[in-house]
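# Structural description and commentary
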Amino acid sequence: VPPPLARADRSGDLPLSFAQQRLWFLDELGVGSLYNVPIALRVSGELRVGVLSRVLGEVVRRHEVLRTVFQEVAGRARQVILPASGLSVPLVDVTGLSPTLRELAAQRGWVEESGRAFDLSRGPLVRARLWRLSEREQVLLVVLHHIVSDGWSLGVLVREVQSLYESCSSGEPSRLAELPVQYADYACWQRRWLAGEVLEGELGYWREHLSGAPAVLDLPLDRARPAVPSFSGALRPLSLPVELSVGLQSLARREGATLFMALLSSLSVLLWRVTGERDVTVGTVIAGRNRYETEGLIGFFVNTLVLRTDLSGDPSFVELL
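Residues numbered from 1 in each chain as written. Predicted model: local features only at pLDDT ≥ 70, side-chain atom pairs only at ≥ 80, totals over all residues. Heavy atoms only, no water.

### Examining the sheet that holds strand S4 (residues 91–93)
Rules: Two strands qualify as a pair provided DSSP detects at least 2 bridges between them. Each helix is a run of H or I in the DSSP string that is no shorter than four residues. Each strand is a run of E no shorter than two, and both are numbered from the N terminus. Angles shown run from 0 to 180 degrees and are taken between the N-to-C directions of axes, each axis being a line fitted to C-alpha atoms and, for helices, limited to the stretch in contact. When checking whether two residues touch, look at their non-hydrogen atoms; a contact exists if any pair is within 4.5 Å.
The strand order across the open sheet formed by 4 strands is S1-S6-S5-S4, and the pairing between neighbours is mixed. With partners counted over all chains shown, the strands left at the sheet margins are strand S1 (36–44) and S4, one partner each. Mean inter-strand twist for the sheet, computed between neighbouring axes without regard to direction, equals 20°. Here strand S5 (residues 126–134) pairs with strand S6 (residues 137–145) via 8 bridges, running antiparallel. Note on S6: the bridge partner recorded for Arg129 is Leu141. Taken strand by strand, helix H3 (residues 99–115) contacts S1, S5 and S6, and its axis lies near 175° from that of S5.

### A short note on the nonpolar core
Condition: We define a nonpolar core as any set of buried Ala, Val, Leu, Ile, Met, Phe, Trp, Tyr and Cys residues linked to one another through side-chain atoms lying within 4.5 Å. Note on classification: 1.4 Å probe, protein chains only; a residue is buried when its accessible area is under 20% of the maximum for its type, exposed when over 50%, partly exposed between these limits.
Within the largest apolar cluster, 57 residues are counted, with the highest numbers of intra-cluster contacts made by Leu52 and Leu66. Once you skip the residues sitting within four places of it in the chain, Leu52 turns out to touch Leu47, Val89, Leu130, Leu140, Val161 and Tyr165. By size, the runner-up hydrophobic cluster in this structure holds 7 residues, among which are Leu264, Val280, Val282 and Leu320.

And the structure:
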């Protein structure tokens, strides 16, 4: 049974969580800029930049992880929480351009700002910039390093900014309760829990589960893999037709499965068809928010799991599902 999640002693060094340790290691290898997490919000109507700056500063004050840096102490990385010092919001005014050029200028700015690297040892690990497209049209870009945030965190950020902006604009006190625990408390709790026999038990499960799994899925590619990865990828959006989506949902319900399970089964069958490999492993992310205390925190909780599918014995799709 995991121990209670409570405030940790702050008098000594604060460890990184296991997830943070992974990203800190990758940053030391020089690929940290791949792990920026941007979010762009289009704001219509009057926007008071001074109020917005105070609001973002309050979010940084509330969430210690947003003012945390990562420094090496005696060969090991440690969290160092800095005092709250606000968050400036530089304004880029493109209203003098034509409507088309405004959008293009803003988009170029978003891409450049989203890709600019962070210094994990000095911080800050969150920054914001505002583009004014017209008198009543703005775009706010907030960029965080993944070591202090994840996808769930962006939802927390947006909700808190909205609530605090409404309160601050009307002169009312904040409606947000103070956070009972912080991310550093979670990291200390995780290190206490996942140690010794508990950690060995968790690792033992995955060693057994992935024993003999293929190291690489030999996909038929339309070009050779480069000797050195460029990380220059792209997105290809895909929307399933309504009829197909409804059919998948109905199939999942009928078989007592989730839509995720139906889609994973479909992907596994597809990979088997194009590779001939009946032992298929697929990586997927999970939120990692399995404790109530972490639901309202900004931080890096997400984890990656390997899901292994056995297609030997020619199972039917329903059997596979």
